[in-house]
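# Structural overview for review
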Amino acid sequence: MPHWLQLMIDSLPTLLWAGIRFTVPLTLLSFALGLALGLLTAVARLFGPPPVAALARFYVWIIRGTPLLVQLFVIFYGLPSVGILLDAFPAALIGFTLNIGAYTSEIIRATISSVPRGQWEAAYSTGMSWSQAMRRTILPQAARVAVPPLSNTFISLVKDTSLAAAITVPELFQSAQRIVAATYEPLILYIEAALIYLVLSSVLSALQARLETRFARYGGMVEANR
């Protein structure tokens, strides 16, 4: 067996375990929390009082205007200078959550704005309150439109978690770096890590396509029944 293939086989369990233990939880938690934060931010910008809307816009402006790696460094390496000490994983989780929250808020804000005003009026005409109209009428329609961009954001997040290696989170990519330090085989190990990310992204892309097809079919049924 070629040396490079044996090295990839030997290192695969370590890389996969790092992915299962750190990359996957970091991705899922960051996306779930970021999506919730994005929804709150979008609602604040669309319907909140001016001070709250201005604060939400400022948050989105800061996060979208600065690199994710810099944000992680500020949280993990910068905050200790003011007495705030965070372990690597919570620091990465906060950084990714804030980043995802800003980007998903723009997606959600755009999709909510795309729902015709008549849908609000129809909901109010049936006696719904604002919160009921939002929950039962507006958000379900906006969610169908938001699926493709939110799915793309999730897939990008899977790859972006490799940046957590820069703040010592022992996820998939940092595990590859540690094996490289012991074997002096950077090309083989980094290609293997890239292939794992590629497989994950390909699987998620296939699931995204099926999800979009299902939502498109559901949307067509809704339009046909109107």
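In case you missed it, the structure is sitting above this.
For the structure given in this document, a descriptive report is provided here.

## Describing the overall build of the protein
Broken down by element type, the protein carries eight helices and zero strands. Listed by position from the N terminus, the elements making up the protein come as α-α-α-α-α-α-α-α. Oriented by its inertia axes, the alpha-carbon framework of the protein measures out at about 70 × 50 × 25 Å. Here the protein holds 226 residues, and the buried ones make up 37% of them. Long-range contacts, defined here as pairs at least 24 residues apart, represent 74% of the contacts in the protein between residues at least 6 apart.

## Description of the pattern of salt bridges
On inspection of all chains with the given rule, the structure shows three salt bridges. We note a salt bridge from Glu106 to Arg64, for which the minimum N-O separation is 3.3 Å. Of this pair, Glu106 sits in helix H4 (residues 88–114) while Arg64 sits in helix H2 (residues 50–64), and the two are 42 residues apart along the sequence. Of the residues examined, Glu106 reaches a relative accessible area of 16% and is grouped as buried. Arg64 sits in the partly exposed class, given a relative accessible area of 42%. Between Glu106 and Arg109 there is a salt bridge, and its shortest N-O distance comes to 3.1 Å. Placement of both Glu106 and Arg109 in helix H4 is noted, with a separation of three residues, approximately one turn of the helix. Through salt bridges with shared partners, a single ionic network connects Arg45, Arg64, Glu106 and Arg109.

## A look at the packing of aromatic side chains
Applying the stated rule across the entire model yields 10 aromatic pairs. Residues Phe76 and Tyr77 carry aromatic rings whose centres are separated by 4.8 Å and whose planes lie at 75° to one another, so their mutual orientation is edge-to-face. Owing to a relative accessible area of 16%, Phe76 belongs among the buried residues under this scheme. Residue Tyr77 is classed as partly exposed on the basis of its relative accessible area of 42%.

## Examining the environment of Leu79
Secondary-structure assignment places Leu79 in the loop between helix H3 (68–78) and H4. On the basis of relative accessible area, Leu79 is assigned to the partly exposed category, the value being 24%. A C-alpha to C-alpha distance of 9.9 Å links Leu79 and Ala91, two positions 12 residues apart in sequence. What Leu79 contacts, discounting residues up to four positions off in sequence, is Val74, Ile84 and Leu86.

## Quick notes on the nonpolar core
Ranked by size, the top nonpolar core spans 22 residues in total, and within it Leu26, Phe31, Ala92, Phe96, Ala164, Ile167 and Val169 carry the most contacts. Only helix H1 (3–47), H3, H4 and helix H6 (130–160) provide two or more residues apiece to this core. For this core, the element with the highest residue contribution is H4, accounting for seven residues. What Leu26 contacts, discounting residues up to four positions off in sequence, is Phe89, Ala92, Leu93, Phe96, Thr161 and Ala164.

## Some thoughts on the environment of Ile62
By the element assignment, Ile62 lies in helix H2. Residue Ile62 is classed as partly exposed on the basis of its relative accessible area of 34%. Linking Ile62 and Ala102, residues 40 residues apart in sequence, is a C-alpha distance of 8.9 Å.

## Some remarks on the packing of H3 against H4
Two elements in contact, H3 and H4, have axes separated by 9 Å at closest approach and are oriented at 135°. By the criterion of interaxial angle, the relationship of H3 to H4 is oblique. In the packing of H3 onto H4, the handedness of the crossing is right-handed. Side by side, H3 and H4 meet where Leu68, Gln71, Leu72, Ile75 and Phe76 of the first sit next to Ala88, Ala91, Ala92, Ile94, Gly95, Phe96, Leu98 and Asn99 of the second. Broken down by class, the residue content of the contact of H3 with H4 amounts to 10 nonpolar, three polar and no charged.

Cut-offs applied
- Residues numbered from 1 in each chain as written.
- Predicted model: local features only at pLDDT ≥ 70, side-chain atom pairs only at ≥ 80, totals over all residues.
- Heavy atoms only, no water.
- Helix = DSSP H or I, 4+ residues; strand = E, 2+ residues; numbered from the N terminus.
- Buried < 20%, exposed > 50% of the residue type's maximum accessible area, 1.4 Å probe, protein only.
- Contact = heavy atoms within 4.5 Å.
- Salt bridge = Lys/Arg side-chain N within 4 Å of Asp/Glu carboxyl O.
- Phe/Tyr/Trp six-rings, centres within 6.5 Å; stacked < 30°, edge-to-face > 60°.
- Core = buried A, V, L, I, M, F, W, Y, C linked by side-chain atoms within 4.5 Å.
- Axes fitted to C-alpha atoms, helices over the stretch in contact; angles between N-to-C directions.
- Parallel < 35°, antiparallel > 145°, perpendicular 65-115°, else oblique.
- Left-handed = near helix turned anticlockwise from the far one by under 90°.
- Nonpolar A, V, L, I, M, F, W, Y, C, P; charged D, E, K, R; others polar.

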